[in-house]
Structures are given as structure tokens and as C-alpha cells.
Amino acid sequence: MIYVFLANGSEEIEALASVDVLRRAEYDVKTVGVGGKRIIGSHGVEITADITEAEVTTDDMELVLLPGGMPGTLNLEKSPIVQASLDYCVREGKYIAAICAAPSILGHRGDLEGKEAICFPGFEDQLRGARISSSPVCVDGKIITGKGPGVTIEFALQIVEQLSGKALAERIRAGMQCR
């Protein structure tokens, strides 16, 4: 299961475009509302999450995805369930994907120590111990990071490539008419 955590103030493009690409790849994806099922994004778009954070289980967790946005990133970081899910992914060698401001959560936790990562400009100092990449999407081991909303499709396609290989990612890219 891929869990996409959403909190009030999350960046809508990063959340919903990622969910769309991952569902095109036919993964089991659940959006998780932190603080309830009804989430209001950083640009006022209302999203109804599939489940609440209380319904998250690590039994089938394959990947945790954290969209950025403000104050969404701060709200995600405060969630004990988000933190426990990240702990599980680190401990069990599962994937973590974070984009825009959300890699700062990983930086604060020390999860980026010695890893290459990228984030929204201005948050680099929050990526404690990371080597800041010049690429808009970066993969280092089981951590995938993206720069911001404009690279969300590339970010999500990189998740597909990491989980299932280049062929599926390229098939989805072609079907979506991406360059």
C-alpha cells in the first residue's frame, strides 16, 4: 500500500497529481487525512481523503508520500502517525517520497544524513546532513525527493520507476503525453 498523507495546507498539485500517476500504475494508493477526512489544501481546494490517520497500518505499507505546501508540511510533521510511518519505513527499508517543503521533515529527523536530496528553494538549510542536489527529482537509496509542484509528474514517475522499473514509467509517461 502507498499512503499519501494530506494535512490542511498541503500542496494540492503535489498530492493529487502524484495519486493520479500512481493509480495509473495500478498501485494500491490511499490518501490519508491528518486530522480528519476533509482536508483544505494550501490553495483552498477541498479534498476528501480515503481514510484518516487512525486507519493507517504498517501491515502492507510499501511507501509513504509527503506532499509539501504550507502550513501542510508543518501539520504533517506534527502527526504522531506520520512520524511512526516514517520510522517504520526507515527501519524496514521501505520507500519514502517527499516533495517541495516536505523533505524538511526528513531533514529534521536525520533521515537525509549523507544522502543526496532536493527541496523547494529556501528550505535547503532544513535538510540536515544532506547533499543538496541540482536535479529537480532525486533518488538516494529508498528516499525520493522533488523540488516543487512543477516537477510533480516527474517525481511520481520516478516513484513508479523505483517500484516497478523504467518500462512501466515510460508507458505511463507516453500515455500522459509527457515530454
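Notes on the structure follow. Computed from a predicted structure; not experimentally measured.

Cut-offs and rules
- Residues numbered from 1 in each chain as written.
- Predicted model: local features only at pLDDT ≥ 70, side-chain atom pairs only at ≥ 80, totals over all residues.
- Heavy atoms only, no water.
- Salt bridge = Lys/Arg side-chain N within 4 Å of Asp/Glu carboxyl O.
- Buried < 20%, exposed > 50% of the residue type's maximum accessible area, 1.4 Å probe, protein only.
- Helix = DSSP H or I, 4+ residues; strand = E, 2+ residues; numbered from the N terminus.
- Axes fitted to C-alpha atoms, helices over the stretch in contact; angles between N-to-C directions.
- Contact = heavy atoms within 4.5 Å.
- Nonpolar A, V, L, I, M, F, W, Y, C, P; charged D, E, K, R; others polar.
- Patch = residues over 30% accessible without salt bridge, like charges linked within 9 Å, V, L, I, M, F, W, Y side chains within 5 Å.
- Areas by Shrake-Rupley, 256 points an atom, 1.4 Å probe, with all protein chains shown as cover.
- Lys, Arg positive; Asp, Glu negative; His and termini not counted.
- Charge placed at Lys NZ, Arg CZ, Asp CG, Glu CD.
- Parallel < 35°, antiparallel > 145°, perpendicular 65-115°, else oblique.
- Left-handed = near helix turned anticlockwise from the far one by under 90°.

In total, this model carries 10 salt bridges according to the counting rule given. Salt-bridge contacts for Glu161 lead to Lys166; the nearest nitrogen and oxygen are separated by 4.0 Å. On the basis of relative accessible area, Glu161 is assigned to the partly exposed category, the value being 23%. For the salt bridge of Arg173 with Glu170, the shortest nitrogen-to-oxygen distance reads 3.3 Å. You can see Arg173 and its partner Glu170 sitting in helix 6 (residues 166-175), 3 residues apart, about one turn around the helix. The exposure class of Arg173 is buried, given its relative accessible area of 13%. Linked through salt bridges whose partners overlap, the residues forming this network are Asp87, Arg109 and Asp111.

This next bit is on the packing of helix 5 (residues 152-164) against helix 6. Where helix 5 meets helix 6, the axes come as close as 7 Å, and the angle between the chain directions of the two elements is 150°. Along its contact with helix 5, which presents Glu154, Leu157, Val160, Glu161 and Ser164, the element helix 6 presents Lys166, Leu168, Ala169, Ile172 and Arg173. Here the residues of the contact of helix 5 with helix 6 are counted per class, giving 5 nonpolar, 1 polar and 4 charged.

Time to look at a negative patch on the surface. Among the surface-exposed residues, Asp28, Asp59, Asp60 and Glu62 lie close enough to one another that they form a single negatively charged patch. Structurally, the position occupied by Asp28 is in the loop between helix 1 (12-24) and strand 2 (29-33).

All right, on to the packing of helix 1 against helix 5 then. When two helices pack together, their arrangement is given by the angle between the helix axes and the distance between those axes. Between helix 1 and helix 5, the least distance of the axes is 9 Å, while the angle of their chain directions is 40°. Taken together, the axes of helix 1 and helix 5 are oblique relative to one another. Considering how the two elements wind past one another, helix 1 and helix 5 form a crossing that is right-handed. Contacts from Ile13, Glu14, Ala17, Ser18, Val21 and Leu22 in helix 1 reach Thr152, Ile153, Phe155, Ala156, Leu157, Ile159 and Val160 in helix 5.

Purely geometric stuff here, so don't read any function into it on its own.
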